[in-house]
Amino acid sequence: MRRFLRPGHDPVRERLKRDLFQFNKTVEHGFPHQPSALGYSPFLRLMAIGTRSGAIKLYGAPGVEFMGLHEENNTVMQIHFIPDQCQLVTLLDDNSLHLWSLKQHGGASELREEHRFTLKGPPGSPPSATQVTAVLPHSSREVLYLGTESGNIFVVELPSFRVLEDRTITPEAVLQRIPEDNCNRRSCELVEALREHPKNPDQILIGYSRGLIVLWDLQNNKATHHFLGSQQLENLYWQRDGSKFISCHYDGSYSQWPVSSDNRQSEPLENTVPYGPFPCKAISKIYWQTTKNGLPYIIFQGGMPRASYGDRHSISVIHGSQQTAFDFTSRVIDFFIIFSSDPAAEFDDPSALVVLAEEELVVIDLKSAGWPAVHPPYLASLHCSAITCSHHVSNIPLKLWERIISAGSKQNIHYSSMPWPIDGGTNIAPDPPQRDLLLTGHEDGTVRFWDASGVCLHLLYKLSTVRVFLTDADPNDNMNTLGEEEWPPLRKVGTFDPYSDDPRLGIQKIYLCKYSGYLAVAGTAGQVLVMELNDEDAEHVVDHAEADLLQDQEGYRWKGHEKLKTRDGPVRFEAGFQPFVLVQCQPPAVVTSLALHSEWKLVAFGTSHGFGLFDHQQKRLVFVKCTLHPSDQLALEGPLSRVKSLKKSLRQSFRRIRRSRVSSRKRRGAGGNASEVQEANAKFDQDVLQEMELAPVQRKIEARSAEDSFTGFVRTLYFADTFLRDSSRHCPSLWAGTNGGTVYAFCLRVPPAERRMDEPVRAEQAKEIQLMHRAPVVGILVLDGRSTPLPEPLEVAHDLSKSPDMQGSHQLLVVSEEQFKVFTLPKVSSKLKLKLTALEGCRVRKVTVANFGSCKTDDYSENDLAVLTNLGDIQIISLPFLKLQIRYPCIRKEDVSGIASCVFTKYGQGFYLISPSEFERFSLSTKWLVEPRCIVDMPEVTSNNHVHKSDTENAARKS
Amino acid sequence: EFRRFSLERSKPGKFEEFYGLLQHVHKIPNVDVLVGYTDIHGDLLPINNDDNYHKAVSTANPLLRIFIQRKEDADYSAFGTDTMTRKKNVLSNVLRPDNHKKKPHIVISMPQDFRPVSSIIDVDILPETHRRVRLYKYGTDKPLGFYIRDGSSVRVTPHGLEKVPGIFISRLVPGGLAQSTGLLAVNDEVLEVNGIEVSGKSLDQVTDMMIANSRNLIITVRPANQRNNVVRNSRTSGSSGQSTESSLPSSTPNILGSLLQGEEESDEEDIIIEDSGEPQQIPKAAPASESIESLSQIELLHESSQNGFLPSSEMNLNHSAGSISMEYEVPEPGRKSLEEDGTIITL
C-alpha cells in the first residue's frame, strides 16, 4: 500500500528534517598532502603551510586553524606574512601573488583572499623578466619588494598591488656603484634573496644568484656596500643587531660578512664548510641566533657530504661544541626558528626549531638539554605507516579515557615537556561535548588511538601487535643509537616510516568495547587478537588457537601468503592493551569482518572462506562455518593472482603512456622531413584510433550467479539477542552476511555467568537467507519491538541505554549493496524494502545507524541509517520505514580510496581520507558539529615609533 | 486425483512411451491430454516431445510433479513463468479493473509449448522509433549476454541538434538471451532501464542498474536499425493522440502498471532455509487487506484450473479437487543436501 502514498511532502516532517540534518565538511585532520611552502609570523604566532594543490592552512594554538584554497590549484611556492598585520602574501608557481587576510566575521576570524596580482613586464620582454624568485614584505607594510629572474627588483604597493615603476631597482643601477673589474651584467642575474636591515628599514640586502651581495639604500637609491662571494649564493640572514650577515652557498659553505659604515671591505670574516673538506651539498637556508651566553646557534639546512650523505634530508644545529644533524625520513620543505620576537630584546634566544618535511612536521626544543622533539598537538602524520582501516568509538567513559591517556603518556616520555610554541590566536569553539576515539589500523601492525573529540586530532596511544609474532625485523633495532664518533652527527627524528617489514602484519579490522576495555584486532594474515587494557607492564603467554575455515574440504589449495609465526613462551607487553588470545584463520586470508561481544565474551571473525566464533573466556573455538562456493577457485588462490593481473594492467598502461609520449615527440619533430613525420603520425594516430574502436570501454551485463567469485567472502558479522527460533524465547545469536547475498543466523547458548567457565558455549545454525539479487550483504541489524536498533553489549548494564523492548516483535534489517530489506522475526517474511541500485544505479559502500538530535529541542532524537554510496553520495534513510530523507554529495566518485576509508560516528559525523595523510571530517547532524572556531586578535603595537623588525622568518625559498 | 510411481532416472525412454504410460496409469487410453511439470522455479512447463521430457526428468528433485489436462479444455495460460507461485498483485487489480474479467484467449500458435524469454511491451505508448524489451531471466545457465558502452547520440533540442552522451549496446554474446531474442542489436541506444531514464548516468551506474534488475530487465532502446519498427494504425489514420484501446484511460498508468507488475513479480524470491534444512521462498509479511486479495486470487486460479482439467467423473477415484497430480520418484545418487556442507553442528 505504501506505493499509493505520495513520497514525502509532509510539511511537519520536512520541517523536522531541517532541524535534524545538515551537511558540512568541517575540518581536515592530519598532515597536509604534498606541502610546498612554509611561513611563520612571530607577531601573530601563526604558522602557514601551502600545498602543491594550492591550499593554504594556518595553524596557531591547538584548535586555531584556518584554511584557504587558491582558485588556480597551483603549487604554493612561498608564503610571507606582512609584518605586524593579519595578512599574508602567497606566491604560486604560475607567478601569481595573492593577498590573504584574517578578518573577524560573526565573532570568529576567517581567512579570505583579498587580491591577486601577476607581475607584467614591458611588452616583448621574456617571461623570465618578471618571474618572481624572492619576495620581501617591507616593515612599512606599504610595499612588497619582488626580486626576479632578470635581476630586477620591482616595488609593488600594498594592498592594491600597484607597481611603483619609478622605484624599480634595476641591475644597471646596482652596477653603477660597483667597480667594473669584478662585476659585469651577468653578476646581477636572478635575485636569490632579499633581506631588510633589522634596525634600519631603509636598507635592504640584495643577494644575487652568482654570489654578488649588495646593501641598497632605499632613500638615496644607491648601493652603499657590496660583497662578492666566490660561490653561488643560496640564502642570506641578518644578525640581530645588523652588524653582520650570513650568506650560505651552493658548495656547502657559509660566510659571515661585517657591515659597518666606514669599512667597505668586501671580504668575509669567516668562511666555513661545516661538513668539509670533501665536496658537500648546498646549504639552502641558514639562521644565526645570538644568545645571552655568547655562543650563537647556527642552524642550517643541507650541507651534507655529497658522496656518502648526499641523500639525507638534514637540518644541522651548532651551538658551541654541541652539533646535531637532524635526519628526516622525507624531504625538508622549509624550516623556521621561534625566538624572542620582542624588538627590544638584545638576544635572539631561540626556543624551538620548526621543520616542515614532506611527510611530517617536527618541532625540536632548543631550550632543553639533548634537544628533544616536541609532541605536536595537531598536524599528526596519520600515514607514518599507511592507514589500512579505521574504527570510531563515540562517547568514551572517562575511566577508559584516562587509562588510555596514561598508557600513552608512558610511551611519550622521550618528548619534550615544552608547551606548544606556536600558540597564536584563541580557540573559541565550545568544548567538545563528549570524548571520541578514532582508531586507525596501519600496515606495520600498529593501531593508533586518536583523540577525535575536537578540531585537533591528537595521538593518545599507539599499540603494536608485532610483538606477538616472529618477524624478520628485530624490534629492538633502534635507529637513534649511533656511535659517539659518528660524523656527521646524524640523529633520526620524526615518526614517518612508510616501510613495512611484513605486509601480513597489517591491521584490517578493529573493534573496541568502550565499557569493558576489550579490544579485538584482526589482520592481513588471518590473525585475530583479543586484548585487555592493563595499566602495568606485564609478561605473559598469549593463548593461541587455529580456526580451519575450510574444514578439510577436498581439492582446495591456498596459494597466498603463509600465516604468521608466533613467539613461543611469555612475551613482555608494555602498559596498555595487551593481547591474551590469538586466533589464526586457516587459510590465512585477510580478515574481512570482525565482531566482539564483551558481555558474552565471544569474538566472531570472517574471511573470504568462512567465519568462526571464538569463546575468549574459555579460550575455545565454538564453531567455524565454511561459506565457500565449491566452484570459487579464485578465493583460494589468495591475493597473488590478483597482483599478477595488476602488474599486467600496469605494464599495459605504461606501454600506453610510452606510446603516447613517442607520438607526441614525433609530432614535435620539425625540419626537412616534417611531412614524412606527419604522415607517419597520421598513420600512427589512425592505428591508435582503430585500436580504440576495437576495444571501447564496455561493461558486461550479467545476472549475479552463485558461481561468481568471492561469494563466500564474509562481509559483516553481528551479535544480537533476539527471537530467532520462536516468538516466546529470545536468545543470543550471531549473524553473518556474505558477498553472495547469503545471511546465516546461528543460535547461541551462552552459559550463565556463574557457570560460564564450566559449560561450553554452543551454537546451532538456525536460519539461512539467500537474497535473490545476490548482492553483497554489507549490514545486518536487529530492531527491537519499538523499532529501535538493539543496544551495544554492556550499554544497558552501564545505564547508558534503555533496555531493548523484548515484548514486541523484532525485525531484521539486511542491507545489501543494492537493497535495504526488513524482515520479520522469528519467522522470516519480508516486510519492507528500498531498492537503491535498481532505481539509482548506485551501490551501498558503508552503512551505520546514527542518532540524530534536533537542534531545536533537546528531547527529540531519532535513529536513521547513514549510507555512503559508491558514487560518493551520502544518504540518510529513516528507520524503520526505510524512506530516503536526504542526500548530499560528499566524495568524488573517482576517489575510490576516499570512499573506502569512510567511517561514520554514532552521532552523524564521519571521516574519510582525502589523501594518505589527511582525514576530512564531515557532519550530517545539526547538533553534533566539530569545526574550528577561533579568533586572531592583532596584538597591540606598543609604540608607533619603534623600529619594525623585518619579517626575516619568511625567508625566500629557492624554487 | 494423484498417482505416484517411480521411473528409472538414467533411462527415461521416449516421450511417446511415457505418454502411453500416463494414459495407462490413469486408465484414459483414448483421451488426448496435455502433460505439464513444475520446474525448479515453480513454473508449469509442458512436456510434449523427447527433449522437454528428458529435461523434466533431469530436474526431478527427487520428485517430479506432473500435471495432466484434457486437451480440449486446456487452459494454455496456465503454462509459463511464475504460474505456480504468482500471487495476487494488488496494484494491478486496482489499476486494471478488467483483470478480473476473464478475457477470451486468442491462441496464435502453441504458446503452451514455450515460456516467454522476451517480449516487446508498451508498443502503444512509445514513439515508433523506440522499443521496450523485456528479458525474462530464469535461474538458468543461459546468460543475459550483452555488453554496453559509452557513446554519443544526436538529439533535437530547442537549440538545434546537439550531441549528447549516451549508452549503447556494444556486443551480444553468441547464444545469450539478448542475442536469441533478436530484439536487441549492437549499437542500439539504451534510453531507459526498468522505467528509469539513463541520461545523465554513467556507464557504471547503468551497468549496476541493469544487473540489479537482471531478473526482470526492461530496457527501452532506440534501435540502430529503424527499419523493423512496429507501424501503428492509429498514427497513419491521423488520430495520433488517441489510443485505440478503450480499456486504458491514458497511457501513463500502463507504463506504471507493466513496470510495477514486473517488479512485484521478480521480487519475492529470497529463500530462507530454516533449521529443518528445507529451502523455501520467503513470504511477504502481508497486511490484512492484502491477504484477502491473495486469497481470492487463489480461488480464481482454482476455478480456472478446474475448468481445464479432467473432470473427476471420468476417473475411477472419487476426487473433489479435480486435478491430477502425480509425484514421480527418481532415484538420485550422490546429491548433497544443504546441511551436509555446513556447520559442525548437525541440525
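Sequence order sets the numbering: in each chain, residues are counted from 1 along the sequence as written. Key to labels: chains lettered from A, ligands numbered from 1, both in the order written. Reporting in this predicted model follows two pLDDT cut-offs: at least 70 for local features of residues, and 80 or more for side-chain atom pairs to be given and counted; totals over whole chains, interfaces and linings ignore these cut-offs and use all residues. Excluded from the side-chain calculations are hydrogens and water; all other atoms, namely the structure's heavy atoms, are used.

**Describing the overall build of chain B**
The helix and strand labels rest on DSSP assignments: H or I over at least four residues marks a helix, E over at least two residues marks a strand, and numbering proceeds from the N terminus. Helix and strand counts for chain B stand at eight helices and 14 strands. Exposure categories follow from relative accessible area, calculated using a 1.4 Å probe and restricted to protein chains: below 20% of the type maximum is buried, above 50% is exposed, and the middle band is partly exposed. Sorting the 347 residues of chain B into buried and exposed places 44% on the buried side. The contact definition used throughout considers only heavy atoms, calling two residues in contact when any of these lie within 4.5 Å. Put simply, 64% of the contacts in chain B that link residues at least 6 apart link residues at least 24 apart. The method behind every accessible area is Shrake-Rupley, applied with a 1.4 Å probe, and residues are considered shielded solely by the protein chains displayed. Carbon and sulfur atoms make up 53% of the accessible area of chain B, which totals about 18700 Å².

**A word on the sheet that holds strand β64 (residues 918–925) of chain A**
All names here are of chain A. Strand pairing is assigned whenever DSSP detects at least two bridges linking the two strands. The sheet built from four strands is open, its strands ordered β1-β64-β63-β62 with antiparallel pairing. One side of each edge strand has no neighbouring strand; the edge strands of this open sheet are β1 (21–30) and β62 (903–904). When β62 meets strand β63 (residues 909–915), the two strands line up antiparallel, connected through two bridges. For V903, the partnering residue across the bridge sits in β63 and is F911.

**Digging into the environment of E599 of chain A**
Residues and elements named next belong to chain A. Examined against the element boundaries, E599 turns out to sit in the loop between β45 (593–597) and β46 (602–606). On the basis of relative accessibility, which here comes to 44%, the residue E599 falls in the partly exposed class. Excluding residues that lie within four positions of it along the chain, E599 makes contacts with P793 and L794. Counted as a polar contact is a pair of N or O atoms within 3.5 Å, where, for protein atoms, one must be capable of donating a hydrogen and the other of accepting one, and residues adjacent in sequence contribute only when both atoms are in side chains. Only 3.3 Å separates the side chain of E599 from the backbone nitrogen of L794, close enough to count as a polar contact.

**Some points on the pairing of strand β3 (residues 46–51) of chain A**
Consecutive side chains of a regular strand alternate in pointing toward one face of the sheet and then the other. Residues and elements named next belong to chain A. Counting buried residues in β3 gives six out of six residues, a clear majority hidden from the surface. On β3, burial covers both faces: L46, A48 and G50 on one face and M47, I49 and T51 on the other are all buried. Sheet analysis places strand β2 (residues 35–41) next to β3, joined by six bridges and oriented antiparallel. In the strand pairing of β3, S41 is matched with L46. Remark: four residues form the turn of the hairpin made by β2 and β3, two consecutive strands paired antiparallel; R45 in that turn has positive phi of roughly 55°. Note that β3 and strand β4 (residues 55–59) share four bridges and pair antiparallel. Bridge pairing in β4 links M47 to Y59.

**Some thoughts on unusual backbone geometry**
Residues and elements named next belong to chain A. Here the amide bond leading from G276 into P277 is cis, since omega sits at 0°, within 30 degrees of zero. Relative to the helices and strands, P277 resides in the loop between β21 (270–272) and β22 (283–289). The omega torsion of the bond from Q586 to P587 falls at 0°, within 30 degrees of zero and hence cis. With respect to the helices and strands, P587 occurs in the loop between β44 (576–586) and β45. Although it is not a glycine, K601 adopts a positive phi angle of roughly 60°. With respect to the helices, strands and loops of the structure, K601 is situated in the loop between β45 and β46. Here L794, not a glycine, exhibits a phi torsion of approximately 70°, which is positive. Its location among the elements puts L794 in the loop between β54 (777–783) and β55 (811–816). Among the residues examined, L794 registers a relative accessible area of 15% and is labelled buried.

**Structural notes on helix α5 (residues 203–212) of chain B**
With nine of 10 residues buried, α5 of chain B is to be regarded as a mostly interior element. Of the residues making up α5 of chain B, those classed as buried are L203, Q205, V206, T207, D208, M209, M210, I211 and A212 of chain B.

**Observations regarding the side chain of T51 of chain A**
Residues and elements named next belong to chain A. Mapped onto the secondary structure, T51 falls in strand β3. Looking at T51, the relative accessible area reads 3%, which means it is buried. Those residues in contact with T51 that sit more than four places away from it in its chain are P32, H33, Q34, P35, S36, N74, T75 and V76.

**A look at the interface of chain B and chain A**
With 50 residues of chain B at the interface, the matching set in chain A holds 50 residues. Accessible area that two parts lose when put together, with a 1.4 Å probe and added across both, is what the buried area reports. The contact between chain B and chain A buries some 4500 Å² in all, and 52% of this surface belongs to carbon and sulfur atoms. A pair is scored as a salt bridge if a Lys or Arg side-chain nitrogen falls within 4 Å of a carboxyl oxygen belonging to Asp or Glu. Applying the counting rule to chain B against chain A returns three salt bridges. Across the pair D208 of chain B and R843 of chain A runs a salt bridge whose closest N-O atoms are separated by 3.0 Å. The interface formed by chain B and chain A holds 13 residue pairs in polar contact (both at pLDDT 80 or more) in total. Among the elements of the structure, β7 (146–157), β8 (160–172), α5, α7 (251–267) and β12 (271–274) of chain B are those that each provide at least two residues to the side of chain B that touches chain A. Counting residues per element, the side of chain B that touches chain A draws most heavily on α5 of chain B, which supplies nine residues. When the residues that make up the side of chain B that touches chain A are grouped by side-chain class, the tally is 23 nonpolar, nine polar and 18 charged. The sheet contact formed by strand β49 (residues 698–701) of chain A and β7 of chain B spans four bridges and is antiparallel. Gly is placed with the polar residues, together with every amino acid not listed as nonpolar (Ala, Val, Leu, Ile, Met, Phe, Trp, Tyr, Cys and Pro) or charged (Asp, Glu, Lys and Arg).

**A short note on the pattern of salt bridges**
Residue and element names in this part refer to chain A. For the coordinates displayed, the defined rule picks out 42 salt bridges over all chains. Among the salt bridges present, the one from K57 reaches E918, with a minimum N-O distance of 2.8 Å. Residue K57 is found in strand β4, and its partner E918 is found in strand β64; the two are separated by 861 residues along the sequence. Judged by its relative accessible area of 5%, K57 is buried. Put simply, K103 and E114 hold a salt bridge, and the shortest N to O gap is 3.1 Å. One end of the pair, K103, is in strand β8 (residues 96–105); the other, E114, is in strand β9 (residues 108–118), and 11 residues separate them in sequence.

**Re the nonpolar core**
Generally speaking, soluble globular proteins have nonpolar side chains that are buried together. In this description, a nonpolar core means a group of buried Ala, Val, Leu, Ile, Met, Phe, Trp, Tyr and Cys residues linked to one another through side-chain atoms lying within 4.5 Å. Of all hydrophobic cores here, the largest spans 57 residues; its most connected members are M47, I299 and L353 of chain A. Among the nonpolar cores identified, the runner-up in size contains 41 residues, and A745, L879 and L882 of chain A together with I282 of chain B belong to it.

**A few points about the UniProt feature "repeat: WD" (unreviewed entry) in chain A**
Residues and elements named next belong to chain A. UniProt positions are given in the numbering used here, feature names are shortened, and annotations may be inferred rather than shown by experiment. Listed under "repeat: WD" (unreviewed entry) in the UniProt record, and renumbered for this structure, are residues 69–103 and 433–451. A distance of 16 Å separates the end C-alpha atoms of residues 69–103, which is 0% helix and 60% strand. The annotated region residues 433–451 carries 0% helix and 63% strand content, and the separation between its end C-alpha atoms amounts to 13 Å.

**Description of the UniProt feature "domain: PB1" (unreviewed entry) in chain B**
Residues annotated by UniProt as "domain: PB1" (unreviewed entry) correspond here to residues 1–71 of chain B. Structurally, residues 1–71 of chain B comprises 28% helix and 32% strand, and the distance from its first C-alpha atom to its last is 17 Å.

**Digging into helix α1 (residues 15–25) of chain B**
Residue and element names in this part refer to chain B. Looking only at α1, the buried set comprises F15, F18, Y19, L22, Q23 and V25. Down the axis, α1 shows its buried residues gathered within 165° of arc, on one side only. Residues E16, E17 and H24 are exposed on α1 and point more than 90 degrees away from its buried face. The directions from the helix axis to the C-beta atoms form the arc being described.

**Focus: the UniProt feature "domain: Lethal giant larvae homologue" (unreviewed entry) in chain A**
Following the UniProt record, the feature "domain: Lethal giant larvae homologue" (unreviewed entry) maps to residues 272–372 of chain A here. The span residues 272–372 of chain A is 4% helical and 46% strand by assignment, and the distance between its end C-alpha atoms comes to 27 Å.

**Quick notes on the sheet that holds strand β58 (residues 844–853) of chain A**
All names here are of chain A. Taken in spatial order, the four strands make up an open sheet running β58-β59-β60-β61, and their pairing is antiparallel. Strand pairing shows two members of the sheet lacking a second neighbour, β58 and β61 (884–889), which therefore form its edges. The sheet shows a mean angle of 20° between the axes of neighbouring strands, direction not considered. Bridge count between strand β59 (residues 861–869) and strand β60 (residues 873–878): five bridges; the pairing is antiparallel. Along β60, the bridge assignment pairs D864 with S878. For every element, the axis is a line fit to its C-alpha atoms; helices are fit only across the contacting stretch, and the angle between N-to-C directions ranges from 0 to 180 degrees. The sheet contacts of helix α1 (residues 11–20) involve β58, β59 and β61, and relative to β59 the element is tilted by about 75°.

**Here's the deal with the environment of L21 of chain B**
Summarising the element assignment, L21 of chain B is placed in helix α1. In this view, L21 of chain B contacts F5 and L7 of chain B; residues no more than four positions away in its chain are not counted.

**Details of the packing of aromatic side chains**
Residue and element names in this part refer to chain A. Aromatic contacts are taken between Phe, Tyr and Trp rings whose centres are within 6.5 Å, Trp giving its six-membered ring; a plane angle under 30 degrees counts as stacked, one over 60 as edge-to-face, and the others as tilted. Using the criterion set out here, one finds 32 aromatic pairs over all chains in the structure. Ring centres of F245 and W257 lie 6.3 Å apart, and the angle between their planes is 15°; on these two criteria the pair is classed as stacked. A residue pair is termed long-range when its members are at least 10 positions apart, and F245 in strand β19 (residues 244–249) and W257 in strand β20 (residues 254–258) qualify at 12 residues. When sorted by exposure, F245 lands in the same class as W257, which is buried. Plain terms: the ring middles of Y287 and F335 are 5.4 Å apart, the flat faces sit at 55° to each other, and that makes the pair tilted. Separated by 48 residues along the polypeptide, Y287 in strand β22 and F335 in strand β26 (residues 332–338) bring together distant segments of the chain. Like Y287, the residue F335 is buried in the burial classification. In this structure an aromatic cluster arises from ring pairing among F23, Y888, F904, Y912 and F922. Taking NZ or CZ as reference, K285 lies 5.2 Å from the ring centre of F335, over its face. When the NZ atom of lysine or the CZ atom of arginine is within 6 Å of a ring's centre and also within 35 degrees of its normal, the charge is said to sit over that ring.

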